[in-house]
Amino acid sequence: MRVVSGIKPTGNLHLGNYLGAILQWVGMQDDVEAAGGESMYFIADLHGLTEWIEPQAVRDNTFEIAAAMIASGIDPTRSILFNQARVPAHSELTWLLNNVARVGWLNRMTQFKDKAGKNREGASVGLYDYPVLMAADVLLYGATHVPVGEDQKQHLELARDIAAKFNLDYGIDLLIQPDPLISKAAPRIMSLRDASAKMSKSNPSDAARINMIDDDDTIAQKFRRAKTDPEALGDTFESLDARPEARNLVTIFAALAGRTPEDVMAEYAGHGFGTFKPALADLAVAKLGPIRDEMVRLMADRAAVDAELRKGAERAATLAAPLLRKVQETMGLLV
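These numbers were taken from a predicted model, which means no experiment stands behind them.

A word on the overall build of the protein chain. From N to C terminus, the protein chain includes 12 helices and five strands. Computed over the C-alpha atoms, the radius of gyration of the protein chain is 21 Å, within 12% of the 20 Å expected from 2.2 N^0.38 for a compact globule of 335 residues. Along the first, second and third principal axes, the C-alpha set of the protein chain runs to 75 × 40 × 40 Å. Out of the 335 residues belonging to the protein chain, those deemed buried represent 47%. Here the contacts in the protein chain between residues at least 6 apart in sequence split such that 75% fall between residues at least 24 apart. In the form shown here, the protein chain has an accessible surface area of approximately 15500 Å², with 52% of it arising from carbon and sulfur atoms. Distance between charge centroids for the protein chain: 3 Å, based on 37 positive and 45 negative side chains.

Given below as structure tokens:
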């Protein structure tokens, strides 16, 4: 069993990134290790170039995410942690797989349509082609399982299609078709100001999100000022279906506490948000404060973080080399 997953180096890493991805990986790291498998987590800096971003921002964001991952519990001695660009095999395999993937397949990718919007003709080729890079990211290492959210399942299906077509075209059983690993516990975290939208760094209001580098007072104030309704909490989580802001705060509480939403509802049934929000604020400060402090320490020691990423990249490159060479041989590129 080999689990491979990555995260783009976007700035303002927030609570949604932590609960929806990084915290899941920490738990997955333990489960995979217990099963005798291997976990690989990378910072997808090549994917970060599909839309214009300042070069220094790419560097800074990469270090911020690496620091957050280590501070949250991703252990570089137990999992392979690296940034994508340090392993050129990702780019090399992408070009080779571009000759296997079909234009029609990429035209069906809904995320390109969403991100390009009305500016389809002005979008970069990288934005259009990045699902093939995503396929290379996992096929390169013979990944057996890939943690994905519902919005990424289509891309994993593309990776499976590319692997199947390559094997069929060349009459070889080489590329493994990875299975999705969807954690039912992974919560969808919404904005603190409008629970109809995901928590996002792009929201112009900083009050809409909890940044992973927010100080304790800021975390507490944001939760206390989060949008809610005047009603008390009911007995069941289902009773919040028509109350998105309330549902979001209960979801966050449950995820931070490692409890089920139903358990949280049972404890706070009949209580209003004058009681619930301070409790949530205290919980968030207790959970996120130590991670932030360790992040800040690591971000101040870039040489140490760089050393971990370099060591991880060397391990990843060693694993990638045999597969890339075999693909090159199979396609007639090595004589």
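So, next bit.
This part is about the side chain of H90. Assignment of secondary structure puts H90 in helix α3 (residues 89-98). Under the relative-accessibility criterion, H90 is labelled buried at 0%. Only 2.7 Å separates the side chain of H90 from the side chain of D137, close enough to count as a polar contact. A polar contact of 2.8 Å, which involves the side chain of H90, links it to the side chain of Y141. For H90, the residues in contact, after removing those within four places along its chain, are L46, F82, Q84, L133, A136, D137, L140 and Y141.

All right, on to the packing of α3 against helix α6 (residues 125-139) then. Between α3 and α6, the least distance of the axes is 8 Å, while the angle of their chain directions is 120 degrees. Judged by the inter-axis angle, α3 sits oblique to α6. In terms of crossing hand, the pair formed by α3 and α6 is right-handed. Counted together, H90, L93, T94, L97 and N98 of α3 and D129, V132, L133, A135, A136, D137 and L139 of α6 form the full contact between these two elements. Here the residues of the contact of α3 with α6 are counted per class, giving seven nonpolar, three polar and two charged.

Attention now moves to the nonpolar core. The biggest cluster of nonpolar side chains holds 60 residues, and the ones touching the most others in it are L15, M69, F223, I252, L256, F276 and L288. Residues within four places of L288 in sequence aside, it is in contact with L15, Y18, I210, M212, I219 and L256. If you look at the next biggest cluster of nonpolar residues, it comprises 45 residues, including L96, F112, Y141 and A320.

Across all of its chains, the model carries 20 salt bridges by this definition. K165 is paired through a salt bridge with D169; the nearest N and O atoms lie 2.7 Å apart. On the criterion of helical spacing, the pair formed by K165 and D169 is a turn pair, its members being four residues apart in helix α7 (residues 153-170). Here K165 falls in the partly exposed class, since its relative accessible area comes to 22%. Among the residues examined, D169 registers a relative accessible area of 43% and is labelled partly exposed. Shared partners join several salt bridges into a network, and the residues in it are D206, R209, D214 and K222.

It is worth spelling out the pairing of strand β3 (residues 80-83) at this point. Burial of the side chains of β3 extends over both faces: I80 and F82 are buried on one face and L81 and N83 on the other. The pairing of strand β2 (residues 38-43) with β3 spans four bridges and is classified as parallel. Each residue of the ladder has a partner; that of Y41, found in β3, is L81. Read as a crossover between parallel neighbours, the route from β2 over helix α2 (residues 55-72) to β3 is right-handed.

The next point concerns helix α10 (residues 261-268). Every buried residue of α10 is listed here: V264, M265 and Y268. Viewed end-on, α10 has its buried residues packed into an arc of 100 degrees, placing them on one side of the element. Residues of α10 that are buried sit in contact with α9 (244-257) and α11 (273-299). Where α10 terminates, the next one or two residues include G270, which has phi positive at roughly 90 degrees.

This part is about the environment of G117. Structurally, the position occupied by G117 is in the loop between α5 (110-116) and α6. Owing to a relative accessible area of 43%, G117 belongs among the partly exposed residues under this scheme. Distance from G117 to A71, taken between C-alpha atoms, is 36 Å for residues 46 residues apart in sequence.

So, on to the packing of aromatic side chains. One pass over the full model with this rule turns up nine aromatic pairs. A centroid spacing of 6.1 Å and a plane angle of 65 degrees characterise the contact between F82 and Y141, whose relative ring orientation is edge-to-face. Of this pair, F82 sits in strand β3 while Y141 sits in the loop between α6 and β4 (145-147), placing them 59 residues apart in sequence. For the residue pair F82 and Y141, the accessibility class agrees, reading buried in each case. An aromatic cluster of three or more residues is present, and its members are F253, Y268, F273 and F276.

Another point: helix α1 (residues 15-34). With 20 residues, α1 should reach 28 Å at 1.5 Å per residue; the first-to-last C-alpha distance of 27 Å fits that figure. A maximum bend of about 30 degrees is found in α1 at I22. A positive backbone phi angle near 80 degrees is found at G36, which sits one or two residues after α1.

Conventions we followed
Residues numbered from 1 in each chain as written. Predicted model: local features only at pLDDT ≥ 70, side-chain atom pairs only at ≥ 80, totals over all residues. Heavy atoms only, no water. Helix = DSSP H or I, 4+ residues; strand = E, 2+ residues; numbered from the N terminus. Rg over C-alpha atoms; globule rule 2.2 N^0.38 Å. Buried < 20%, exposed > 50% of the residue type's maximum accessible area, 1.4 Å probe, protein only. Contact = heavy atoms within 4.5 Å. Areas by Shrake-Rupley, 256 points an atom, 1.4 Å probe, with all protein chains shown as cover. Lys, Arg positive; Asp, Glu negative; His and termini not counted. Charge placed at Lys NZ, Arg CZ, Asp CG, Glu CD. Polar contact = N/O pair within 3.5 Å; in protein donor to acceptor, adjacent residues only side chain to side chain. Axes fitted to C-alpha atoms, helices over the stretch in contact; angles between N-to-C directions. Parallel < 35°, antiparallel > 145°, perpendicular 65-115°, else oblique. Left-handed = near helix turned anticlockwise from the far one by under 90°. Nonpolar A, V, L, I, M, F, W, Y, C, P; charged D, E, K, R; others polar. Core = buried A, V, L, I, M, F, W, Y, C linked by side-chain atoms within 4.5 Å. Salt bridge = Lys/Arg side-chain N within 4 Å of Asp/Glu carboxyl O. Pairing = 2+ DSSP bridges. Right-handed = clockwise from strand over helix to strand, strands pointing away. Arc of directions from axis to C-beta. Phe/Tyr/Trp six-rings, centres within 6.5 Å; stacked < 30°, edge-to-face > 60°. Expected span 1.5 Å × (residues − 1). Bend = angle between axes of the 7 residues up to and from the residue.

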